[in-house]
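A structural walkthrough
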Amino acid sequence: KNKILKLAEKTAEYDESDITKVVFNYLIENGVSSRTIYDSLGMIGLYFGMSRAYFYEFDEKLGNFVRSNEWTKEGVIKSVSRETMAPLIKDKAQIYRSHFNEEGYLISEDTSALEEDVLKQHCETLGIKILIQYASFTKDGHAFVVGLDNNDEPQKFESHIRGSIKIIVNLFKLFLTKQTK
């Protein structure tokens, strides 16, 4: 965690638009691995003052997780695992997917206002008050998702947060798909 705090302090020297540059440079210098994805999520989570920052990749056709990684503030329950996400991805994938808008974002600035469904139940179970996710899909049915959520009071997601997670998910997607080819 000390390494992440040092990296987060380094990002504080930049404005919001440069957080993505810091993460990009970190991935270029260190390669993409479970560790560097975790560190990157920690930088983003701390920078934007969130409880959790997470990444997951799943195969939509098969309904299977390929990989996941999550950073949380101390004392916060992890929310992204095969067990916790299975109902969202497998059994209720269409309901979950319907929460994403045409631009690829799932945004809830107050999860208590969500419709009564599997996503709201997931948020209530974990104490999530706000969440934002961005999903980038490949032609072969893989989804790459980066999300931020907070257990504090509802708040607005500024456009720079939206832009940053969109860039970050596409960086992960680019690096990870290059690794598998």
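Scroll up a little and you will see the structure.
Here is a short report on the structure shown in this document.

What counts as what
- Residues numbered from 1 in each chain as written.
- Predicted model: local features only at pLDDT ≥ 70, side-chain atom pairs only at ≥ 80, totals over all residues.
- Heavy atoms only, no water.
- Helix = DSSP H or I, 4+ residues; strand = E, 2+ residues; numbered from the N terminus.
- Buried < 20%, exposed > 50% of the residue type's maximum accessible area, 1.4 Å probe, protein only.
- Contact = heavy atoms within 4.5 Å.
- Areas by Shrake-Rupley, 256 points an atom, 1.4 Å probe, with all protein chains shown as cover.
- Expected span 1.5 Å × (residues − 1).
- Salt bridge = Lys/Arg side-chain N within 4 Å of Asp/Glu carboxyl O.
- Pairing = 2+ DSSP bridges.
- Polar contact = N/O pair within 3.5 Å; in protein donor to acceptor, adjacent residues only side chain to side chain.
- Core = buried A, V, L, I, M, F, W, Y, C linked by side-chain atoms within 4.5 Å.

Here's the deal with the overall build of the chain
What the chain contains, in helices and strands, is 7 helices and 5 strands. When the helices and strands of the chain are listed from N to C terminus, the series reads α-α-α-β-β-α-α-β-α-β-β-α. Looking at the chain as a whole, 50% of its 181 residues qualify as buried. In the chain, of all internal contacts separated by at least 6 residues, the share reaching a separation of at least 24 is 62%. Total accessible area on the chain stands at roughly 9200 Å², and carbon and sulfur atoms take up 49% of it.

Looking at helix α3 (residues 34-47)
In this model α3 runs 20 Å from its N-terminal to its C-terminal C-alpha over 14 residues, within 8% of the 20 Å that 1.5 Å per residue would give. Counted residue by residue, α3 has 10 buried out of 14 residues, so it is predominantly covered. Residues of α3 that are buried include every one of T36, I37, Y38, D39, S40, L41, G42, M43, I44 and G45, and no others. Phi turns positive, to about 70°, at G49, one or two residues after α3.

Section: the pattern of salt bridges
Enumeration over the complete set of coordinates arrives at 5 salt bridges. Across the pair E70 and R52 runs a salt bridge whose closest N-O atoms are separated by 3.7 Å. In this pair, E70 sits in strand β2 (residues 64-72) while R52 sits in strand β1 (residues 52-59), placing the two residues 18 residues apart along the sequence. Taken individually, E70 and R52 each receive the classification buried, so the pair is uniform in this respect. Salt bridges sharing partners connect three or more residues here, namely R52, E70 and D149.

Some remarks on the side chain of H99
Here H99 shows up in the loop between α5 (93-98) and β3 (105-108). Here H99 is in contact with Y105, L106, L114, D117 and L119, once residues within four sequence places are set aside.

Digging into the pairing of strand β5 (residues 142-150)
Here β5 lies mainly inside the structure; 9 of its 9 residues are buried. Covered by surrounding structure in β5 are H142, F144, V146, L148 and N150 together with A143, V145, G147 and D149, the residues of both alternating faces. One ladder, built from 8 bridges, connects β1 with β5; its direction is antiparallel. When the bridges of β5 are listed, A53 appears paired with L148.

Overview of the side chain of N150
Here N150 shows up in strand β5. Residue N150 is classed as buried on the basis of its relative accessible area, which comes to 2%. Within polar-contact distance, the side chain of N150 engages the backbone nitrogen of D152 at 3.3 Å. Each residue touching N150, except ones within four places of it in the same chain, is listed here: G49, M50, S51, G127, I128, K129, I130 and Q155.

Some remarks on the environment of I107
Within the secondary structure, I107 is located in strand β3. Separated by 40 residues in sequence, I107 and G147 have C-alpha atoms that sit 9.6 Å apart.

Section: the environment of A113
With respect to the helices and strands, the residue A113 is situated in the loop between β3 and α6 (118-126). We classify A113 as exposed; its relative accessible area is 62%. In the structure, A113 is positioned 16 residues away from K129 in sequence and 9.8 Å away in space, judged by C-alpha atoms.

Observations concerning the nonpolar core
The nonpolar side chains of soluble globular proteins are, as a tendency, buried together. Within the largest apolar cluster, 32 residues are counted, with the highest numbers of intra-cluster contacts made by F55, L148 and F172. Contributions of two or more residues to this core are made by α2 (19-30), α3, β1, β4 (130-137), β5 and α7 (159-180). With 8 residues, α7 is the single largest residue contributor to this core. Those residues within four positions of L148 in sequence are excluded, and the remaining contacts are I44, F48, M50, R52, A53, Y54, I130, L131, I132, I161 and I165. The next biggest cluster of nonpolar side chains, apart from the first, holds 15 residues, and it includes Y54, L119, L126 and L131.

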